[in-house]
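# Coordinate analysis (summary)
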Amino acid sequence: MIHRLLFVTILASGLMAPTMAVAQTDAPLLGNIGLGRRIAPLDARARGLGGAATALHGPNMSAVNPAAIARFNESGVWATLMPETQTISGVLARGEVKTVAFPLLRAVLPLGERLVASVGFASYLDQDWGVQFIDTMQTLTGPIAFQETRTAKGGINQLRIDFASVISPSWGIGVTGIYYFGQTPLSVERIFQVDVGFQPYEANDALSYQGIGFAIGAEYQPFPEMIVGVTGTWGSKLRAKSDSTSSSSAYDLPIGLDIGGSWRLTPDFLVALAGAWEGWSVLNNRFQPNGVSDLLYIGLGGELTAHETDLTAFYIRVGGHLQQTPFNVAGRPPQERALGGGLGARFQGGRVLFDFAVEYGKRGNIDVNLIEESFTRLTMSAAVFSN
């Protein structure tokens, strides 16, 4: 009888913390299915507001709606760091995973009174993972134990160039050109027990990805207390090529729609709401037997101005979201749900910004997907603007 254990390690964006999960063969994992885990390009302010980033009062630095940069009148740069701890439990897997992602790096530059440009790097699909099998193979002289490790470290990112303009006191529009790129090095290593004379085996390959897309967005402010917005995205084929064999394949990128808005109920308190749809089910036939579903998202949050002067301001935020992720596990789309909050600070009249958010949530369901993840996600953002 063959005895097999599966040890699972999922990495993220170049950084790894030691982690291990134990399971039997063919354990479904939420971090290594399909084309990878979808990561939205949100900053810490949006994370603290439940991911509501389509249209916000004040500085909106997430890369969701290109029209949002139309209201920036100073050049600046900002970056976001996102550590996450996941506790895996399920029918076939358990353990703890620690990851670190860099979902957003962006610079903005006003080009005149009405035109603003930005260039940025954003995460899209994370494909960092690894599995380790401990197994035996039958030979003429009897069973031989071996250990096999398979790893894939990388992902698909976005290079975004945005242009936006305020075309009237109430309207702002923006367009984005997107270049999808990335590489996932793949490796397989098999090591036999030392006394059988079998040499270790190792194979390496890498998948390189390329594609293009664009987005168009708008913001409308019917009165000063309310902003609403909408963004549509489209992508061409995402082409994947093996570096060792030069074989290639292509995947349709989904059409997406984001809608949302924010409303100042009082001068010191605003609420924000956003919803999103991405048509990932266009890939359903490519990922059988489990299939692919459309991504659905809804997020809601509130922000309280706790203190404000001409030079400094401090904010308290709460929010939550529900999401249906696209790549099915056990034939059903995993659901993600989370609650969280955050803090924000503005210094030197808004030229220096710091934001922090923490979210507690779950992905998947043991009864439906045979696995679930409880996670704690931290998000930290910093921005600096010119005088």
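Residues numbered from 1 in each chain as written. Predicted model: local features only at pLDDT ≥ 70, side-chain atom pairs only at ≥ 80, totals over all residues. Heavy atoms only, no water.

## Side note on the overall build of the protein
Regarding its fold elements, the protein presents 2 helices and 21 strands. Contacts in the protein between residues at least 24 apart in sequence constitute 63% of all its contacts with a sequence separation of at least 6. As displayed, the protein offers around 17,700 Å² of accessible surface, 62% of which is attributable to carbon and sulfur atoms. (Helix = DSSP H or I, 4+ residues; strand = E, 2+ residues; numbered from the N terminus. Contact = heavy atoms within 4.5 Å. Areas by Shrake-Rupley, 256 points an atom, 1.4 Å probe, with all protein chains shown as cover.)

## What to know about the pairing of strand β19 (residues 335-347)
As judged from the 12 bridges shared by strand β18 (residues 313-324) and β19, these two strands associate in the antiparallel manner. Bridge pairing in β19 links Q323 to E336. As paired strands, β19 and strand β20 (residues 352-365) are joined by 12 bridges and run antiparallel to one another. Counterpart to G342 in the pairing with β20 is A357. Between β19 and the antiparallel strand that follows it, β20, lie 4 residues; Q348 among them carries a positive phi value of about 50°. (Pairing = 2+ DSSP bridges.)

## Things to note about the pairing of strand β10 (residues 171-192)
Strand direction decides the pairing type here: strand β8 (residues 142-152) and β10, joined by 7 bridges, are antiparallel. Considered in β10, the bridge of F146 is made with F192. Bridge count between strand β9 (residues 155-166) and β10: 12 bridges; the pairing is antiparallel. Within β10, the residue paired with N157 across the bridge is F181. Taken together, β9 and the strand that follows it, β10, pair antiparallel across an intervening segment of 4 residues.

## Focus on the packing of aromatic side chains
In this structure the tally under the stated criterion is 15 aromatic pairs. With centroids separated by 5.9 Å and ring planes inclined at 20°, the aromatic side chains of Y251 and F287 adopt a geometry described as stacked. Remark: F287 occurs in the loop between β16 (269-278) and β17 (295-308) and Y251 occurs in strand β14 (residues 248-252); sequence separation between them is 36 residues. The two residues Y251 and F287 agree in class, both being buried. The structure contains a cluster of three or more aromatic residues connected by ring pairs, namely Y124, Y180, Y251, W280, F287 and F327. One residue, R190, lies across the ring of F146, its end atom 4.1 Å from the ring centre. Directly above the ring of F375 sits R363, whose terminal nitrogen or CZ lies 4.1 Å from the centroid. (Phe/Tyr/Trp six-rings, centres within 6.5 Å; stacked < 30°, edge-to-face > 60°. Buried < 20%, exposed > 50% of the residue type's maximum accessible area, 1.4 Å probe, protein only. Lys NZ or Arg CZ within 6 Å of the ring centre and 35° of its normal.)

## Details of unusual backbone geometry
Of the consecutive residues Q288 and P289, the connecting peptide bond is found in the cis state with omega at 10°. Within the element layout of this structure, P289 appears in the loop between β16 and β17. Unlike most non-glycine residues, S246 shows phi in positive territory, near 65°. On the secondary structure map, S246 appears in the loop between β13 (237-242) and β14. Unusually for a residue other than glycine, A330 sits at a positive phi of about 55°. If you trace the backbone, A330 turns up in the loop between β18 and β19.

## So, the side chain of R377
For R377, the location among the structural elements is in strand β21 (residues 371-385). Discounting chain neighbours no more than four positions away, the residues touching R377 are R47, M82, P83, E84, H321, E336, A357, V358, E359 and R363.

## Observations concerning the pattern of salt bridges
Under the defined criterion, the tally for this structure stands at 16 salt bridges. For E303, the salt bridge is made with R45, and the minimal N-O distance between the two is 3.0 Å. Here E303, found in strand β17, pairs with R45, found in helix α1 (residues 44-48); they are 258 residues apart in sequence, far enough to count as distant. Taken as a pair, E303 and R45 share a single burial class, namely buried. Taking the shortest distance from any N to any O, the salt bridge between R377 and E336 comes out at 3.6 Å. Here the residue R377 occupies a position in strand β21, and E336 occupies one in strand β19, the gap between them amounting to 41 residues. Residues R377 and E336 agree in their burial class; the two are buried. One continuous salt-bridge network, built from bridges that share partners, spans R37, E84, E336, E359, R363, E373 and R377. (Salt bridge = Lys/Arg side-chain N within 4 Å of Asp/Glu carboxyl O.)

## Observations concerning the environment of N369
Along the polypeptide, N369 turns up in helix α2 (residues 366-369). The spatial distance from the C-alpha of N369 to the C-alpha of Q335 is 9.5 Å, given a sequence separation of 34 residues.

## A short note on the nonpolar core
By size, the foremost hydrophobic cluster in this structure holds 24 residues, and its most contacted members are L35 and W280. Those elements that place two or more of their residues in this core are β6 (115-126), β10, β13 and β17. Beyond its immediate chain neighbours, meaning those up to four positions away, L35 contacts L125, Q127, L238, Y251, W280, L283, F287 and F327. A70, V108, A164 and F385 belong to the second-largest nonpolar core, a separate cluster that totals 14 residues. (Core = buried A, V, L, I, M, F, W, Y, C linked by side-chain atoms within 4.5 Å.)

## Details of the confidence of the model for the protein
A residue-level look at the protein finds 88% of positions with pLDDT of 70 or above and a mean pLDDT of 87. Scored below 50 in pLDDT, residues 1-28 shows 91 contacts in the model against residues more than four places distant or in partner chains. (pLDDT = per-residue confidence, 0-100.)

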